[in-house]
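Survey of secondary and tertiary structure
Letter by letter, the chains look like this.
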Amino acid sequence: MKLLTLPEQAVVKKDFGEIWSTKMVRNTMILVPVIMAVFLPVLYVAIICFVPSDQINGADQMLKLLPKEAAGYTLQQSMFYVMTNMICPMFFLMIPLMSSSVSAACSFVGEKERSTIETLLLTPMSLKSIFKAKVFGCIFLSAICTAISFVAFSIVISVGDILLQMPFFLNWNWLILIFLLAPAITVFGVVFMVLVSGKSKSYMESIQTSGYIVLPLILLFVGQFTGLFQLNALFLLLAAAVVIAADLLLWLFAARLFTPEKLLK
Amino acid sequence: MAAIHMENLTKTYDGKITALNGLSLDIPQGGIFGFLGPNGAGKTTTVKLLTGLLKPTKGTCTVFDMSPMERPCDVHRICGVMTETARMYGQMTGRQNLQFFAQAAGMDRQEGDQRADELLKSLDLWDARDRKLSEYSTGMAQRLSLARSLVHRPRVLFLDEPTSGLDPESAQTVNAMILSLARNAGVTVFLCTHQLRYAQDLCDAYGILERGNLLAAGDLPTLCKSIGCRITAEFRLAQGQAPKGFQKAGEWWRTEVRSDEEMPGLVRKLIDSGHDLYEARLVRPTLEDVYFQYTQRREVEQ
């Protein structure tokens with residue numbers, strides 16, 4: 001059985017073209033991964049490798065947060081461990097979240113703003129089919145973006161591992177993050193935007209609203225540095241379960257709101 | 001079986017604004033039905049209700065016995081809709097737009113490409129096929145929109161002001177296509193317009209809508225009869241002559257007649273009574289005359 005029918009494939013293809021031809025969306029989908037997965041990690045690696053450790057502000061506090069498995073690392077190695085396992089996961093999660101919400105904003109709200117949604121609703125495709133094609137298109141695009149970002153990130157961190165003579169960075173935390181949490185966050189970004197699309201009148205307005213969904217990530221970031229909790233495999237697994245449950249609920253809710261009367265309001 | 005059936009169809013927005021008030025109408029298969037009324041009369045709301053984009057507050061409607069609320073996909077499969085609010089994709093070329101809508105209608109790639117090319121040629125858009133829609137003029141975009149509504153060979157065509165913003169040549173192309181579809185392919189055309197002269201040239205029957213209320217429906221002779229619009233016989237006579245029982249309108253003298261058959265008798269009567277007759281003509285009421293009679297009567301009643 002095919003995942004998508006021919007008309008659904010046509011919608012996905014059309015959405016890809018539309019998202020890519022929207023300058024702001026294209027820039028976001030390129031810049032966010034470049035900054036989060038390449039620029040910031042490279043900057044941190046450079047600071048750790050080339051700036052004397054005693055000149056790094058707050059290094060001592062950061063090292064206090066180190067888990068047991070990092071015992072025996074040098075100061076530089078410990079700093080790199082903190083960066084790879086505590087800072088970068090938060091930065092990295094911004095990529096699926098931003099790419100999915102921005103592409104969904106373009107696909108759903110943009111279509112509404114340009115008055116093309118009415119034309120699409122007049123085709124013999126069912127509402128369910130249009131919804132499925134649009135959601136899948138955004139998820140697929142965001143997944144490609146996340147996958148490419150992860151490859152680039154892995155290269156940068158591997159170089160750091162080699163320079164600092166550390167074991168390969170990939171651990172259970174990262175595996176859960178990549179295979180569970182990032183896909184769950186991608187779906188969350190899309191369905192959240194579908195919900196917002198009913199109320200947003202313009203694409204820019206919906207992008208601004210999407211700013212709220214970044215808040216939980218910032219709280220996670222702040223939380224672990226205040227010592228409230230620590231990002232470990234169990235915590236990430238739990239977070240993934242919560243997001244997946246939220247995805248299911250929001251999906252059902254969003255699909256119900258995807259009606260011509262709501263969309264053409 | 002009527003192609004389009006509406007019974008007590010009512011649409012109220014937020015329980016306050018009544019866009020359509022108890023519309024009951026049957027439109028037979030084939031032919032062009034002109035749905036007339038000023039802006040805001042409820043024409044577009046009717047089209048949206050008939051195509052399932054809006055839910056009626058009260059009443060029912062069907063297209064070839066299918067309810068747009070219950071079977072929207074089946075209704076869309078046999079309906080082509082062209083409205084001012086249903087736009088196409090600006091970043092795609094004219095050809096890509098048609099190919100996309102052909103595929104969305106379930107055609108395979110090859111069939112969709114063929115149909116797109118066929119429509120681009122017949123609507124004089126072939127030379128602009130590879131230009132982005134955002135670069136099209138209003139007239140070209142309008143014609144492409146018509147092509148889009150025809151891409152899946154519909155049995156019913158809903159057209160909302162199809163020639164507004166078109167230059168005379170483009171309008172002629174569009175009109176020729178609408179006529180050919182109705183006469184040769186048996187397509188039922190539901191044409192919403194406020195351009196009365198245009199409607200008279202194209203339509204077989206009419207419905208007059210005002211503020212959500214259907215004032216009258218039928219072909220022109222029926223509408224004329226029910227409102228009391230008659231044919232007038234007009235005569236140009238020698239200066240200074242004033243026949244009895246005639247009214248003066250410019251340099252013409254006129255009187256109402258029941259049918260064409262009264263004309264020879266009137267001519268004979270004028271000549272026999274010694275008038276010098278220079279010209280004689282029968283003036284039939286236009287759709288514009290009928291339309292304004294109905295709207296004026298409505299105002300008086302209110």
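Bear in mind that the values here come from a model prediction, so they are computed numbers and not experimental data. (Residues numbered from 1 in each chain as written. Chains lettered and ligands numbered in written order. Predicted model: local features only at pLDDT ≥ 70, side-chain atom pairs only at ≥ 80, totals over all residues. Heavy atoms only, no water.)

1. A look at the overall build of chain B
- Assigned secondary structure in chain B consists of 10 helices and 13 strands.
- Taken over the C-alpha atoms alone, chain B extends approximately 75 × 50 × 30 Å along its principal axes.
- Considering only intrachain contacts with a sequence separation of at least 6, the fraction spanning at least 24 residues in chain B is 66%.
- When the accessible surface of chain B is summed, it comes to about 14,600 Å², and 45% of that surface belongs to carbon and sulfur atoms.
- Taking the average location of the 36 positive side-chain charges in chain B and that of its 37 negative ones, the two points are 3 Å from each other. (Helix = DSSP H or I, 4+ residues; strand = E, 2+ residues; numbered from the N terminus. Contact = heavy atoms within 4.5 Å. Areas by Shrake-Rupley, 256 points an atom, 1.4 Å probe, with all protein chains shown as cover. Lys, Arg positive; Asp, Glu negative; His and termini not counted. Charge placed at Lys NZ, Arg CZ, Asp CG, Glu CD.)

2. Let's talk about the UniProt feature "domain: ABC transporter" (unreviewed entry) in chain B
- Cross-referencing UniProt, the feature "domain: ABC transporter" (unreviewed entry) maps to residues 4–236 of chain B in the present numbering.
- The straight-line gap between the two end C-alpha atoms of residues 4–236 of chain B is 47 Å; of that span, 36% is helix and 28% is strand. (UniProt positions renumbered as here; feature names shortened; annotations may be inferred.)

3. With respect to empty space enclosed by the protein
- Enumeration over the complete set of coordinates arrives at one cavity of 30 Å³ or more.
- By volume, the largest cavity amounts to about 100 Å³.
- Contributing to the lining of the largest cavity are 14 residues, with Leu122(A), Thr123(A), Phe101(B), Arg148(B) and His152(B) lying nearest its centre.
- Contributing elements (two or more residues each) for the lining of the largest cavity: strand 5 (79–82) and helix 5 (138–150) of chain B. (1 Å grid on protein atoms, 1.4 Å probe; cavity = no way out; pocket = protein on both sides within 12 Å on 5 of 7 lines; lining within 4 Å. Points joined across faces, edges and corners; volume = space filled by probe spheres on them.)

4. Some words on the interface of chain B and chain A
- Chain B puts 27 residues into the contact, and the matching count from chain A is 24 residues.
- Of the roughly 2,200 Å² buried between chain B and chain A on both sides combined, carbon and sulfur atoms contribute 64%.
- The tally of links between chain B and chain A comes to two salt bridges.
- Between Lys11(B) and Glu261(A) there is a salt bridge whose closest N-O contact spans 3.1 Å.
- For the side of chain B that touches chain A, the leading source of residues is helix 3 (residues 94–104) of chain B, giving four residues. (Buried area = accessible area lost by both parts, 1.4 Å probe. Salt bridge = Lys/Arg side-chain N within 4 Å of Asp/Glu carboxyl O.)

5. Brief notes about helix 4 (residues 109–122) of chain B
All names here are of chain B.
- Taking 1.5 Å per residue as the helical rise, helix 4 with its 14 residues ought to reach 20 Å, and the 20 Å between its terminal C-alpha atoms agrees with that figure.
- Turning to helix 4, its buried residues are Gly112, Arg115, Ala116, Asp117, Leu119 and Leu120.
- Looking at the packing, one finds that the buried side of helix 4 touches helix 3, helix 5 and helix 6 (168–184).
- Backbone nitrogen of Gln110 and a side-chain oxygen of the N-cap are separated by 3.2 Å at the start of helix 4; the cap is Asp108. (Expected span 1.5 Å × (residues − 1). Buried < 20%, exposed > 50% of the residue type's maximum accessible area, 1.4 Å probe, protein only. Polar contact = N/O pair within 3.5 Å; in protein donor to acceptor, adjacent residues only side chain to side chain.)

6. Some words on the packing of aromatic side chains
- Counted under the stated rule, the structure contains 25 aromatic pairs over all chains.
- Seen from their ring centres, Phe150(A) and Phe169(A) are 6.2 Å apart, and the 55° between their planes marks the pair as tilted. Placement of Phe150(A) in helix 6 (residues 127–163) and of Phe169(A) in the loop between helix 6 and helix 7 (172–197) is noted, with a sequence separation of 19 residues between them. In this structure, Phe150(A) and Phe169(A) share a single accessibility class: buried.
- Relative to Phe101(B), the ring of Tyr89(B) has its centre 6.0 Å away and its plane inclined at 20°; by these criteria the two rings are stacked. One end of the pair, Tyr89(B), is in the loop between strand 5 and helix 3; the other, Phe101(B), is in helix 3, with 12 residues separating them in the sequence. Across the pair, exposure class does not vary: Tyr89(B) and Phe101(B) are buried alike.
- By the ring-pair criterion, three or more aromatic residues cluster together here, those being Phe92(A), Phe150(A), Phe153(A), Phe168(A), Phe169(A) and Trp174(A).
- In this structure, Arg129(B) is placed above the aromatic ring of Trp126(B), and the distance from its NZ or CZ to the ring centre is 4.0 Å. (Phe/Tyr/Trp six-rings, centres within 6.5 Å; stacked < 30°, edge-to-face > 60°. Lys NZ or Arg CZ within 6 Å of the ring centre and 35° of its normal.)

7. Concerning unusual backbone geometry
- For Gln165(A), which is not glycine, the phi torsion reads 50° and is therefore positive.
- The topology assignment puts Gln165(A) in the loop between helix 6 and helix 7.
- Exposure remark for Gln165(A): the relative accessible area of 68% places this residue in the exposed category.
- We note that Asp124(B) has phi near 60°; this positive angle belongs to a residue other than glycine.
- Within the element layout of this structure, Asp124(B) appears in the loop between helix 4 and helix 5.
- The exposure class of Asp124(B) is exposed, given its relative accessible area of 56%.

8. What about the pattern of salt bridges?
- A full pass over the atoms with the stated rule returns 22 salt bridges over all chains.
- Members of the salt-bridge network, linked through shared partners, are Lys14(A), Asp15(A), Glu18(A), Glu111(A), Arg114(A) and Lys134(A).

9. Let's talk about helix 2 (residues 23–50) of chain A
- Its maximal kink placed at Ile35(A), helix 2 of chain A deviates by approximately 40°.
- Where helix 2 of chain A is buried, its residues contact helix 1 (6–21), helix 4 (75–113), helix 6 and helix 8 (203–210) of chain A. (Bend = angle between axes of the 7 residues up to and from the residue.)

10. With respect to the UniProt feature "transmembrane region" (unreviewed entry) in chain A
Residues and elements named next belong to chain A.
- Per the UniProt record, "transmembrane region" (unreviewed entry) is annotated on residues 30–53, 135–160, 172–197, 209–229 and 235–258.
- Annotated as residues 135–160, this span is 100% helix and 0% strand, and its ends, taken at the C-alpha atoms, are 37 Å apart.
- Between the end C-alpha atoms of residues 235–258 there is a gap of 34 Å, over a span that is 96% helix and 0% strand.

11. So, the nonpolar core
- Counting residues in hydrophobic clusters, the biggest one holds 169 residues, and the most contacted among them are Met6(B), Phe158(B) and Phe190(B).
- Of the residues forming this core, the biggest block, 21 residues, is contributed by helix 4 of chain A.
- Setting aside residues no more than four positions away along its own chain, Met6(B) makes contact with Leu23(B), Ser24(B), Leu25(B), Asp26(B), Ile27(B), Thr46(B), Leu50(B), Thr60(B), Cys61(B) and Phe190(B). (Core = buried A, V, L, I, M, F, W, Y, C linked by side-chain atoms within 4.5 Å.)

12. Structural notes on the sheet that holds strand 5 of chain B
Residues and elements named next belong to chain B.
- Reading across the sheet, the six strands line up as 5-6-7-3-8-9 and stay open at both edges, with mixed pairing between neighbours. With partners counted over all chains shown, the strands left at the sheet margins are strand 5 and strand 9 (213–218), one partner each. Within this sheet the neighbouring strands show an average axis-to-axis angle of 15°, counted without direction.
- Sheet topology places strand 3 (residues 32–36) next to strand 8 (residues 205–210); four bridges connect them, and they run parallel. Within the sheet, the bridge partner assigned to Phe33 lies in strand 8 and is Ala205. (Pairing = 2+ DSSP bridges. Axes fitted to C-alpha atoms, helices over the stretch in contact; angles between N-to-C directions.)

13. Things to note about the packing of helix 7 of chain A against helix 8 of chain A
Residues and elements named next belong to chain A.
- The N-to-C vectors of helix 7 and helix 8 enclose an angle of 130°; their axes lie 10 Å apart at closest approach. With respect to helix 8, the axis of helix 7 lies oblique. At the point where helix 7 passes helix 8, the crossing takes the right-handed sense. In this structure, helix 7 uses Phe192, Met193 and Val196 to contact helix 8, whose residues at the interface are Ser206, Thr209 and Ser210.
- A per-class count over the contact of helix 7 with helix 8 returns three nonpolar, three polar and no charged. (Parallel < 35°, antiparallel > 145°, perpendicular 65-115°, else oblique. Left-handed = near helix turned anticlockwise from the far one by under 90°. Nonpolar A, V, L, I, M, F, W, Y, C, P; charged D, E, K, R; others polar.)

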